[in-house]
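# Secondary and tertiary structure notes
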There are 2 protein chains.
Amino acid sequence: MKIYKYPNKNSWSELIKRPVIKREQLSKTIIEIFNEVEKKGDQALINFNKKFDLVEIKNIAVSESEINDSSNLVDDELKTAILQAKENITKFHASQKTEIEKIETAKEVICWRENRAIEKVGIYIPGGTAPLFSTVLMLAIPAQLAGCQEIILCTPPDKNGEINPAILYTAQLCGVTKIFKTGGAQAVAAMTFGTQTIPNVYKIFGPGNQFVVAAKEYAQSFGVAIDMPAGPSEVLVIADEQAIPEFCAADLLSQAEHGSDSQVIFISTNEKVFDETINEINKQIIQLPRNKFAQDSLKNSNFILLNSLEKAVELSNFYAPEHLILALQDFEKYIPFIQNAGSVFLGNYTCESAGDYASGTNHTLPTNGFAKNYSGVSLDSFVKKITFQYLTKNGLQNLGKTIEIMAEAEGLIAHKNAVSIRLNTK
Amino acid sequence: MKIYKYPNKNSWSELIKRPVIKREQLSKTIIEIFNEVEKKGDQALINFNKKFDLVEIKNIAVSESEINDSSNLVDDELKTAILQAKENITKFHASQKTEIEKIETAKEVICWRENRAIEKVGIYIPGGTAPLFSTVLMLAIPAQLAGCQEIILCTPPDKNGEINPAILYTAQLCGVTKIFKTGGAQAVAAMTFGTQTIPNVYKIFGPGNQFVVAAKEYAQSFGVAIDMPAGPSEVLVIADEQAIPEFCAADLLSQAEHGSDSQVIFISTNEKVFDETINEINKQIIQLPRNKFAQDSLKNSNFILLNSLEKAVELSNFYAPEHLILALQDFEKYIPFIQNAGSVFLGNYTCESAGDYASGTNHTLPTNGFAKNYSGVSLDSFVKKITFQYLTKNGLQNLGKTIEIMAEAEGLIAHKNAVSIRLNTK
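Here the structure is a predicted model, which means the values were calculated and not measured.

Next up on the list: the overall build of chain A. When helices and strands are counted, chain A shows 17 helices and 14 strands. Its C-alpha atoms give chain A principal-axis dimensions of about 85 × 60 × 45 Å. Every one of the 426 residues in chain A was classed for burial, and the buried ones make up 62%. The contacts in chain A between residues at least 6 apart in sequence include a share of 75% that link residues at least 24 apart.

A few words on the sheet that holds strand 4 (residues 120–124) of chain B. Reading across from one edge, 6-5-4-7-8 (chain B) is the order of the 5 strands in this open sheet, with parallel pairing throughout. The sheet terminates laterally at strand 6 (178–181) and strand 8 (225–226) of chain B, the two strands that pair on one side only.

So, about the sheet that holds strand 13 (residues 343–346) of chain A. Strand order in the open sheet made by the 9 strands is 1(A)-11(A)-10(A)-9(A)-12(A)-13(A)-14(B)-3(B)-2(B), with mixed pairing throughout. Among the strands making up the open sheet, the edge pair consists of strand 1 (2–5) of chain A together with strand 2 (103–106) of chain B. Between one strand axis and the next, the sheet turns through 20° on average, direction left out of account.

Take the domain arrangement of chain A next. All names here are of chain A. When its domains are assigned, chain A resolves into domain 1 (23–226), domain 2 (232–375) and domain 3 (392–423). In this structure, domain 1 and domain 3 have C-alpha centres spaced 46 Å apart. Contacts between the two partners involve 4 residues from domain 1, matched on the other side by 5 residues from domain 3. For the domain 1 and domain 3 pair, buried surface summed over both sides reaches about 350 Å², with 52% attributable to carbon and sulfur atoms.

Moving on, we get to the UniProt feature "active site" (unreviewed entry) in chain A. Residues and elements named next belong to chain A. Following the UniProt record, the feature "active site" (unreviewed entry) maps to Glu322 and His323 here. Positionally, Glu322 belongs in the loop between helix 13 (309–319) and strand 12 (323–327). Beyond its immediate stretch of four places on either side in the chain, Glu322 contacts Ser233, Glu234, Ala341, Gly342, Ser343, His363, Leu365, Pro366 and Thr367. At 3.0 Å, the side chain of Glu322 forms a polar contact with the backbone nitrogen of Glu234. Along the chain, His323 falls in strand 12. Ignoring any residue separated from it by four or fewer positions in sequence, one finds His323 in contact with Ser233, Glu234, Val235, Leu236, Gln255, Ser343, Phe345, Glu352, Asp356 and Leu365.

A word on the environment of Lys299 of chain B. All names here are of chain B. Looking at where Lys299 falls in the secondary structure, it is placed in helix 12 (residues 291–299). The class of Lys299 is exposed, set by a relative accessible area of 53%. In contact with Lys299, other than residues within four places in its own chain, are Met1 and Lys2.

Rules used throughout
- Residues numbered from 1 in each chain as written.
- Chains lettered and ligands numbered in written order.
- Predicted model: local features only at pLDDT ≥ 70, side-chain atom pairs only at ≥ 80, totals over all residues.
- Heavy atoms only, no water.
- Helix = DSSP H or I, 4+ residues; strand = E, 2+ residues; numbered from the N terminus.
- Buried < 20%, exposed > 50% of the residue type's maximum accessible area, 1.4 Å probe, protein only.
- Contact = heavy atoms within 4.5 Å.
- Pairing = 2+ DSSP bridges.
- Axes fitted to C-alpha atoms, helices over the stretch in contact; angles between N-to-C directions.
- Domains from an automatic or database assignment.
- Buried area = accessible area lost by both parts, 1.4 Å probe.
- UniProt positions renumbered as here; feature names shortened; annotations may be inferred.
- Polar contact = N/O pair within 3.5 Å; in protein donor to acceptor, adjacent residues only side chain to side chain.

Okay, structure coming up:
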């Protein structure tokens, strides 16, 4: 935990430095895995299951009975919670649908956009320490709302060759069409090329470790789109004098527990709140099961005391946090000044966990400074917007001269001819 | 020109093959150029100007007087045309603005999205045979509408060290803030890292040769976003019995003149229209100044006779053309079935040149099959959508249990605590 009181503005670029991720050594491995999957298909995946997941799998595809059984293996209480989250996430993402609006840009020249779902999408869900069924909700719900025809999901099996039932339950609930037991870079390769069992897809979504991240990046060179570039998760909290140190500390820790490379930044304009939040962190951290991750992540983390909220917002925009919590009395006043952030949580009762799970917003968000140039996942991520245009003969007559002059000035005479030949035809 | 009459469906994947672009040998050059620009800044750009553009430039930045003079150097007729195009493009892109819609997903849980412009964007305009001022319109207009604070433009100088006045005129007209005389991969590197003169940007837009395309791809590994992956331009025309062969031929040629690697595909359900269109192409091509490009590009191009429009649309979706012309009587009937296309032109009088220049739609579109997973450039390309959420204390009480159960099931106890500590506070 690094503490800075009233740091000089010159030092700001130091304060927003993120932990550096070394990736060069990954690329050779990734290329090898892709080659293997492209060449051997399912058999490569079975081999990688043995090697990385330490389990022998006969059928990469999760069977219908496994999916149907999952419902019995999930607590009723958890099912109810998942259903409520699904309802809220559905409501928010459904509101992102847009109507077709035809615009007459010039007389008898009509232009508009229509949405079309990306036909085949793939969702990657990591295995490891936490079964991320919440990410299934965040990706499968908008995919289904958008109308994607094929929604496949890949996730690594556990040592018994099984998938956590909460993941299976959530996947079938949200319209995932097929589920496969494969993880890591090989799963990304399988969705890129397709195998005997796994269909290739046009866009791959979802979080993962450095191998998965590098694999998604590499997949792009084969024409596959990805949700966004990735990095470790992060939160920035801005707290004024009315903020509640216990709450701030809990929010910071909820981010810090994600992994050793998570980053949390705390900015306050009030020294009492500042000091008490730090004390609270030291108190609360002891009781966390993922204490080790939180400890590590706090080492990368900055606690900054500033003398105005304007500066705090400026520093936040400079950092471009994935999650931004405004634990402020007058948060509304500062909203217009928020330029770069993935998702913003307002006031003392809007904890990040609300958006992580159940408020309705998406939790797949730009990290690592990408909030400067990327949006989080939304319904838009699952559609293409196709432009349409219709010109009547009169419409072309109105616009024709303009097009001819411009095409000629660019030296593109065939472009001009396409107009002239029409204008000259009776 | 390859002609296929009633080909078997098994052969379709052959018919939609695009010319393969070899790119591996480019990457070493690109990395060297990036290293040079990162290390030496402006001096590297000046050296590259000498090497590639055969001109010695002292000031990379276009001066104010060069910009002001440009207006006198552009024909009044062309200025009027540019202004009309600007008006239509502005009208269509302004219609893409969205209102903030606050959604109460659960009681006292309010979620919404707000748009924020990407603060700094860069536009690349190629030099070479045609001065693409139309692309300046297509990129600078939505950037300005979105509210981007810094809109810079890089384009290579000619042998006199000058930029085509139509480019300068259009750039200042559309709110470009700074213009620089640098092209190729080095321009992309400069916008990625920034130099003494050129600011770095968060997103790079615009077409270019294979070096520029590879450089934009490489720029992404430094955290810069790009408009979309690129490939050679292409059109697919579907014509029924009422289509006019002269028009179809002119449209196909207007695409073919772009470059030797352009691809055009013509599908008809009527043998007379099919044969006559081919005859017309042979007639019209002779008179084109860019005849050589068109000849080359026609070699990559397929002319396909099919027995139903349903099949034609199916094949088109399979190909996913950048531009799709439906020269059909009942084009409206087929619109719902168009799944993959960049921009669609309807009827006999909507030539592709209309959209290339002046109807209002954007001409920066997904090529090379990327219409399966990408949209063309729009206002959306220049903004991030930030999600906001506000929960009252009651709101969190309504949702709290759900969040606690889900967080616990994922093993993320600090996420749960952030809720519990709030619910337990009076």
